[in-house]
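So you can see what is in the structure, the chains are spelled out below.
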Amino acid sequence: MNEPSDVETVGVVGAGTMGHGIAQVAATAGYDVVMRDVETEYVDRGLEGIDSSLERLAERGALDEEPSAIRARIEGTTDLAALADAGVVVEAVIEDLEVKRDVFTDLDEVTDEDAVLATNTSTLSVTSIASATDRADAVVGLHFMNPVPVMEGVEVVVGERTDDSTVAFAHAFAAELGKETWESDDKPGFVTNRILIPWINEGIRAYDEGVATRDDVDRGMRLGTNVPMGPLELADHIGLDVVLDASRTLHEELGDRYKPAYLLKRKVAAGDLGKKTGEGFYEHD
């Protein structure tokens, strides 16, 4: 197995919010990056997101080199075979187990046998995803936080057959990206979402049941617990559809304490998904 310092190219499957964020931080750390999605439109949108993010970071003086130099290290493609030379591939497609398993089956065929395959899943079983390959020992969870270029942490999730050397690689690779890590066993929700999702749902219920106004629910949690965002603000930022999918997965696995809030389901049914659609619990530009 490669060491992170030996890796020259990082592959990313998925050019959405998480995928293009992972591609950006890998390129910022000096790696060449190949970012793949199924449609050229999605790839182009991801590259545009990277350009915008790099410009904002440059304006804040948060980059050590010009955005153009970082951007030059990122290649967008619709061809999965373009990831053949990647020393590590991070999958960041939709939270659908069968879709992810299909991706990993294909990655198993096109990548070098020494490559580490990582999934950015936030709730699904790393063990089940890994079983779609012939190298379950080289599959690990690398759960990045959103927004990836800003958030400092990465959750390393250890599957049933993940080898110790793969776990060590995951921690070291995240460190190369400038991230700090914590480790979780492959149980539903891992550490972060097991705690975060019911917190968000309870905030939504408190608002829906008239315990407090929307603003006071969030203000109370910010001032009372020193978190940067309250539960409704955070739900909008993550995407209400993403929160709902995670809630449903955890509800199925862990029972009624993870039951999605009614207002969350209603917002998603209305297409009000938060920041990405311009309206959720708040209005967004």
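On a predicted model such as this, the values are computed, not experimentally measured, just so you know.

Parameters and conventions
Residues numbered from 1 in each chain as written. Predicted model: local features only at pLDDT ≥ 70, side-chain atom pairs only at ≥ 80, totals over all residues. Heavy atoms only, no water. Helix = DSSP H or I, 4+ residues; strand = E, 2+ residues; numbered from the N terminus. Contact = heavy atoms within 4.5 Å. 1 Å grid on protein atoms, 1.4 Å probe; cavity = no way out; pocket = protein on both sides within 12 Å on 5 of 7 lines; lining within 4 Å. Points joined across faces, edges and corners; volume = space filled by probe spheres on them. Nonpolar A, V, L, I, M, F, W, Y, C, P; charged D, E, K, R; others polar. UniProt positions renumbered as here; feature names shortened; annotations may be inferred. Patch = residues over 30% accessible without salt bridge, like charges linked within 9 Å, V, L, I, M, F, W, Y side chains within 5 Å. Areas by Shrake-Rupley, 256 points an atom, 1.4 Å probe, with all protein chains shown as cover. Salt bridge = Lys/Arg side-chain N within 4 Å of Asp/Glu carboxyl O. Lys, Arg positive; Asp, Glu negative; His and termini not counted. Charge placed at Lys NZ, Arg CZ, Asp CG, Glu CD. Buried < 20%, exposed > 50% of the residue type's maximum accessible area, 1.4 Å probe, protein only. Core = buried A, V, L, I, M, F, W, Y, C linked by side-chain atoms within 4.5 Å. Phe/Tyr/Trp six-rings, centres within 6.5 Å; stacked < 30°, edge-to-face > 60°. Pairing = 2+ DSSP bridges. Right-handed = clockwise from strand over helix to strand, strands pointing away.

### A word on the side chain of His20
Tracing the chain through its elements places His20 in helix 1 (residues 17-28). Apart from the residues lying within four places of it in its own chain, the contact partners of His20 are Gly14, Ala15, Met35, Gly46, Gly49 and Ile50.

### Side note on the layout of surface pockets
Of the voids in this model, the second largest pocket is the one considered here, and its volume is about 290 Å³. Taken together, 17 residues form the lining of the second largest pocket, with Val25, Thr28, Ala62, Pro149 and Leu177 sitting closest to its centre. Ranked by residues supplied to the lining of the second largest pocket, first place goes to helix 1 with three residues. When its residues are assigned to classes, the lining of the second largest pocket shows 10 nonpolar, three polar and four charged.

### Here's the deal with the UniProt feature "binding site: NAD(+)" (unreviewed entry) in the protein
Residues given the UniProt feature "binding site: NAD(+)" (unreviewed entry) here are Gly14, Ala15, Gly16, Thr17, Met18, Gly19, Asp37, Glu95, Lys100, Ser122, Asn146 and Lys276. These residues run over 263 residues, and the two farthest C-alpha atoms among them are 22.9 Å apart, placing them at more than one spot. Each residue touching Gly14, except ones within four places of it in the same chain, is listed here: Gly19, His20, Met35, Arg36, Asp37, Ala92 and Val93. Position of Thr17 relative to the elements: it lies in helix 1.

### As for the UniProt feature "domain: 3-hydroxyacyl-CoA dehydrogenase NAD binding" (unreviewed entry) in the protein
In the numbering adopted here, UniProt assigns the feature "domain: 3-hydroxyacyl-CoA dehydrogenase NAD binding" (unreviewed entry) to residues 9-181. Between the end C-alpha atoms of residues 9-181 there is a gap of 21 Å, over a span that is 40% helix and 21% strand.

### Some words on a negative patch on the surface
Side chains of Asp96, Glu98, Asp102, Asp106, Glu109 and Asp134 sit close together on the surface and give a patch of like negative charge. Secondary-structure assignment places Asp134 in the loop between helix 5 (126-130) and strand 6 (139-144). Note on Asp134: relative accessible area 78%, which makes it exposed.

### A word on the nonpolar core
What tends to happen in soluble globular proteins is that the nonpolar side chains get buried as a cluster. Core analysis: the largest hydrophobic core is formed by 39 residues, its most contacted members being Val10, Leu142, Phe144 and Phe173. Take this core: its biggest share by element is six residues, from helix 1. Contacts of Val10, omitting those with residues within four sequence positions, involve Ala26, Tyr31, Asp32, Val33, Val34, Ala86, Val88 and Phe173. With 19 residues, the next largest nonpolar core counts Leu240, Leu244, Ala246 and Phe281 among its residues.

### Regarding the packing of aromatic side chains
Counted by the stated rule, this structure contains three aromatic pairs. With a centroid separation of 5.7 Å and 55° between ring planes, the pair formed by Tyr31 and Phe173 is classed as tilted. With Tyr31 in the loop between helix 1 and strand 2 (32-36) and Phe173 in helix 6 (residues 164-176), the pair connects residues that are 142 residues apart, well separated along the chain. Accessibility classification places Tyr31 together with Phe173 in one group, the buried group. Each ring, one from Phe169 and one from Phe173, has its centre 5.9 Å from the other, and the planes form 15°; the classification is stacked. Residue Phe169 and its partner Phe173 are located together in helix 6, separated by four residues, close to a single helical turn. Accessibility assignment for this pair places Phe169 and Phe173 in one class, buried. Taken together, the aromatic side chains of Tyr31, Phe169 and Phe173 make up a single cluster linked through ring pairs.

### A short note on the pairing of strand 2
Along strand 2, four of the five residues are buried, which leaves the element largely enclosed by surrounding structure. Note: strand 1 (residues 9-13) against strand 2, five bridges, orientation parallel. The residue bridging Val12 from the neighbouring strand is Met35, located in strand 2. Read from strand 1 through helix 1 to strand 2, the crossover connection turns out right-handed. Across four bridges, strand 2 lies against strand 3 (residues 74-77) in parallel orientation. The residue bridging Met35 from the neighbouring strand is Gly76, located in strand 3.

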